[in-house]
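Overview (structure and organization)
Each chain, letter by letter, is given below.
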2 protein chains.
Amino acid sequence: MVAQETQQAKQFSIVLIGSGNVAHHLCATAIMGRFKILQIFSRNIEHAQALASTINCEYTNQYSNINPNADLYIIAAADDAIADIASSLPSVKAVVCHTAGSVAIDVLQKHFENCGVLYPLQSFSKYRNDTFSTAPLLIEANNNESLNVLNDFAGCLSPIIHKINSETRMAIHVAAVFANNFSNHMASIAYLLMKDKNANFDILKPLMQETFQKIMESNPIEAQTGPAVRNDQNILNKHEELLQSYPNFKDIYKKISESIFTLNELHKNGRI
Amino acid sequence: MVAQETQQAKQFSIVLIGSGNVAHHLCATAIMGRFKILQIFSRNIEHAQALASTINCEYTNQYSNINPNADLYIIAAADDAIADIASSLPSVKAVVCHTAGSVAIDVLQKHFENCGVLYPLQSFSKYRNDTFSTAPLLIEANNNESLNVLNDFAGCLSPIIHKINSETRMAIHVAAVFANNFSNHMASIAYLLMKDKNANFDILKPLMQETFQKIMESNPIEAQTGPAVRNDQNILNKHEELLQSYPNFKDIYKKISESIFTLNELHKNGRI
C-alpha cells in the first residue's frame, strides 16, 4: 500500500484517451471536481464528442491535436488498442498510463520517458454510478517520479491503492475473472435451469447471500460444501443425468466437481 | 407459496432421525421452543447421545425403540441412507419426511401412508448459528393432510415456504450447486492464484461485492462482463498462457469462457 494524501495540493489536468466504460467513469468522477479533464480523444469522433459533452471539455480524433500540457495522459482503451495508441501519441514528458489489467507496462516504456499503469479492479458498466470510490487501484510506474504522480492521482479516485508489478497484476486479473466473471456465469446457469422449470431465481438468493458471506469471511477452500467435496457419487450421477439436455453445463458440472474434489484432497494433505 | 400461520396453535413433537448438520440446526431451533424434539435416532449411538444432550431429549440407535407418538418423523440423513432408513423405520401413521434436495418423495411413499419432503435450501455448517430463519423451505407431500402438517411445521422454522414437486426440487438443487458450491470454487481458484503471487485475497473483495450485488439485482446473463463475453481472444490467450502451470484451472477457464460466449450469443438472438 502506497502512502496517500487525502488532500491534494494541486488539481491534476488530464487528457483522456478512450471513450469506453473506464473513460465514462473517469468523467463521472471528474465532475466532482477532484481533477480536471482537459480533452478527450477517441478514434471515433462521435464517441469523443458525446463523452466530452458530459463534462464540457475539448475533444478530438486527431493525434496531432492532442493537448500537450496535461499532467497525465490516461489511455483507457481496449487492451489490444493500447500498443497502437502508444505508438501514435505525440511524445510527451508527462506521465502516460493505461488502465488495463492484462497489458504489461512495457508497451508504454518503449515510447515514453514517464509511464505507468493504473488498473481499477472493478467491473464498470456505463449505467451505474461512480464505483471508483470503492475500487482497489493497482498502480505501477517506470520510475519513482511517475509512481508519485500516479499515486497522487489515484488518491483522487479511491482510498485503496496497491503498488503491484505487471506480472502480479496479470495474475490478479486472471483471479478476478474466476472470482467475478465466472461466478456470475455460475449464477447465469442457475438462472437458466430455474427458468426452464418455471422456478423463481429468487428462491436461490438467501443461499447465495450465505455463500457470499462465507467467502468474505473465510478461506473459500475451507468453506467449500456440496456433493463434490463430499465425493457423493450418488448425487453427482443424479445431477449429471438431470443435465443430459444441457451438454455444456454437464461438462462444466463434471470438470468443476473434479476440481473441487482435487483441491480439497490437496488442502487436507497440507499441500495447498 | 403456501399460506402460513405465524402463530402455531400446537407445539409439534418430533422424532429426529440423523445427527448431521441439518439435525444439528433443527435442534438449535428447537431450543427456542417453537417445537419439541422427543427423541433422536442415529445408527451411531454416540452421535445420537451427543446431539440429544444439547436439548436434553431421549436418544436411541434401535429402530424398535423409536417413539411411536410423534407428530412428525424427520429423516435428516445422508441422501443415500434415506431409502434404508425408510425401510427400517416402524410403520407410523404420522407424517414421515426427509430433508434432501435430490431424493424424490417416492422413496418414502413405498413405506408410509403420510409422507413428504421438507428441503431447506441452505448450506448448513455445524459452527454457525441458526440459519433456518432465512432459508427457503421447499415442501412436498403425498396428500393434502400431510402437506398441511409440513406447511405448519415449516412455519416454525422459516417464513419462506414454497410447495415444489420432486422433479423441480432436483432441478433447483442442481441450480443451487452451480450458484453456490461452484461459485465458491471459483473464489477458491482465485484465492490460490493470489496466494501463489503473495497477493492478498482481500484485493478482490470489493469487486466480488459488486458482482454479487449485480447478481442479486438483475438477470446474471445480462450482467455478464469480462473477456469471454467480449470474445477478447487476445486476453483469453494471455490468461490461458498464465494458467500453464495449473492445467485443471486452464481447462476450466476455457470451458467456462466458451460457455459464457455461447450463452451470450443465444441471449442476443433471443433464444434464451
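Scroll up a little and you will see the structure.
Cut-offs used in this document
Throughout, residues of each chain are indexed from 1 in the direction in which the sequence is written. Chains carry letters from A onward and ligands carry numbers from 1 onward, assigned in written order. Confidence filtering applies because this is a predicted model: local features only for residues at pLDDT of at least 70, side-chain atom pairs given and counted only at 80 or more, and all residues used for totals across whole chains, interfaces and linings. For side-chain calculations, the full set of non-hydrogen atoms in the structure is used, while hydrogens and water are omitted. Any two residues whose heavy atoms approach within 4.5 Å at even a single point are treated as in contact. Accessible area that two parts lose when put together, evaluated with a 1.4 Å probe and summed over both, is termed the buried area. Whenever Lys or Arg places a side-chain nitrogen within 4 Å of a carboxyl oxygen from Asp or Glu, that contact is recorded as a salt bridge. By the criterion applied in these results, polar contacts are pairs of N or O atoms within 3.5 Å in which, for protein atoms, one can donate a hydrogen and the other can accept it, and in which residues neighboring in sequence qualify only through two side-chain atoms. Strands are runs of DSSP state E lasting at least two residues, helices are runs of H or I lasting at least four, and both sets are numbered from the N terminus onward. Each residue gets one of three labels, nonpolar for Ala, Val, Leu, Ile, Met, Phe, Trp, Tyr, Cys and Pro, charged for Asp, Glu, Lys and Arg, and polar for the others, Gly among them. To line up the copies, we fit them by least squares on C-alpha atoms, keeping just the residues with pLDDT of at least 70 in both. Pairs were defined over the aromatic rings of Phe, Tyr and Trp, the Trp ring being its six-membered one, requiring ring centres within 6.5 Å. Orientation was assigned from the angle between planes: stacked under 30 degrees, edge-to-face over 60, tilted for the rest. Here the term buried applies to any residue with accessible area under 20% of the maximum for its type, exposed to any over 50%, and partly exposed to those in between, with areas from a 1.4 Å probe on protein chains only. By the convention used here, strands pair only if DSSP detects at least 2 bridges between them. An axis is simply a line fitted to the C-alpha atoms; with a helix, the fit covers only the stretch in contact. Between two such axes, the angle follows the N-to-C directions and lies from 0 to 180 degrees.

This brings us to the interface of chain B and chain A. Listed as interface residues are 86 residues of chain B and, on the opposing side, 86 residues of chain A. Approximately 8,500 Å² of surface area, both sides summed, lies buried where chain B meets chain A, with 69% of it carried by carbon and sulfur atoms. Considering only the surface of chain B that becomes buried against chain A, Phe178, Ile203 and Leu207 of chain B emerge as the three largest contributors, covering 8% of it. Across the contact surface, chain B and chain A share four salt bridges. Between Glu167 of chain A and Lys197 of chain B there is a salt bridge, with its nearest N and O atoms 2.6 Å apart. At the boundary of chain B and chain A, one finds 34 residue pairs in polar contact (both at pLDDT 80 or more). Of all the secondary-structure elements, those providing two or more residues to the side of chain B that touches chain A are helix 6 (166–196), helix 7 (205–217), helix 8 (220–223), helix 9 (233–242) and helix 10 (247–268) of chain B. For the side of chain B that touches chain A, the leading source of residues is helix 6 of chain B, giving 28 residues. When grouped by side-chain class, the residues that make up the side of chain B that touches chain A number 47 nonpolar, 26 polar and 13 charged.

Attention now goes to the relation of the copies chain B and chain A. Expressed as a screw transformation, the operator carrying chain B onto chain A has a rotation angle of 180 degrees and an axial translation of 0.0 Å, and the superposed copies differ by an RMSD of 0.0 Å. Taken together, these values place the two copies in the relation of a two-fold axis. Taking C-alpha positions as the reference, the residue of chain B nearest the rotation axis is Ser183 of chain B, at 2.3 Å. When the interface residues of chain B are mapped onto chain A, 100% of them are again interface residues, pointing to one common binding face.

The next subject is the packing of aromatic side chains. As enumerated under the stated definition, the model contains 17 aromatic pairs over all chains in all. The interplanar angle of 55 degrees and the centroid separation of 5.3 Å between the aromatic rings of Phe182 of chain A and Tyr253 of chain B together place this pair among those described as tilted. Taken together, the residues Phe182 of chain A in helix 6 (residues 166–196) and Tyr253 of chain B in helix 10 connect one chain to another. In terms of burial, Phe182 of chain A and Tyr253 of chain B fall into one category: buried. By the ring-pair criterion, three or more aromatic residues cluster together here, those being Phe12, Phe35 and Phe153 of chain A.

This part takes up the pattern of salt bridges. Residues and elements named next belong to chain B. Within the structure shown, the criterion is met by 16 salt bridges over all chains. Arg169 is the partner of Glu140 in a salt bridge, and the nearest nitrogen-oxygen pair spans 2.7 Å. Within this pair, whereas Glu140 is found in strand 7 (residues 137–141), its partner Arg169 is found in helix 6, the two being separated by 29 residues in sequence. The pair formed by Glu140 and Arg169 is uniform in burial state, with each residue classed as buried. The salt bridge involving Glu265 is made with Lys268; its shortest N-O contact spans 3.2 Å. Linking Glu265 with Lys268, this pair stays in helix 10, spanning three residues, or about one helical turn. Taking relative accessible area as the criterion, Glu265 reaches 27% and is therefore assigned partly exposed. You can call Lys268 exposed: its relative accessible area is 58%.

Here we take up the sheet that holds strand 7 of chain B. Residues and elements named next belong to chain B. Taken together, eight strands build an open sheet; the order of strands is 3-2-1-4-5-6-7-8 and the sheet is mixed. In this open sheet, the two strands that pair with only one neighbour each are strand 3 (58–60) and strand 8 (161–163). Going across the sheet, the axis of each strand differs from the next one's by a mean of 25 degrees, ignoring polarity. In this sheet, strand 2 (residues 36–41) lies alongside strand 1 (residues 13–17) in parallel orientation, the contact comprising five bridges. Counterpart to Ser13 in the pairing with strand 2 is Lys36. Contacts between helix 2 (residues 45–55) and the sheet are confined to strand 2 and strand 3, with strand 3 contributing the most and set at about 170 degrees to the helix.

Just geometry here; none of it tells us what the structure is for.
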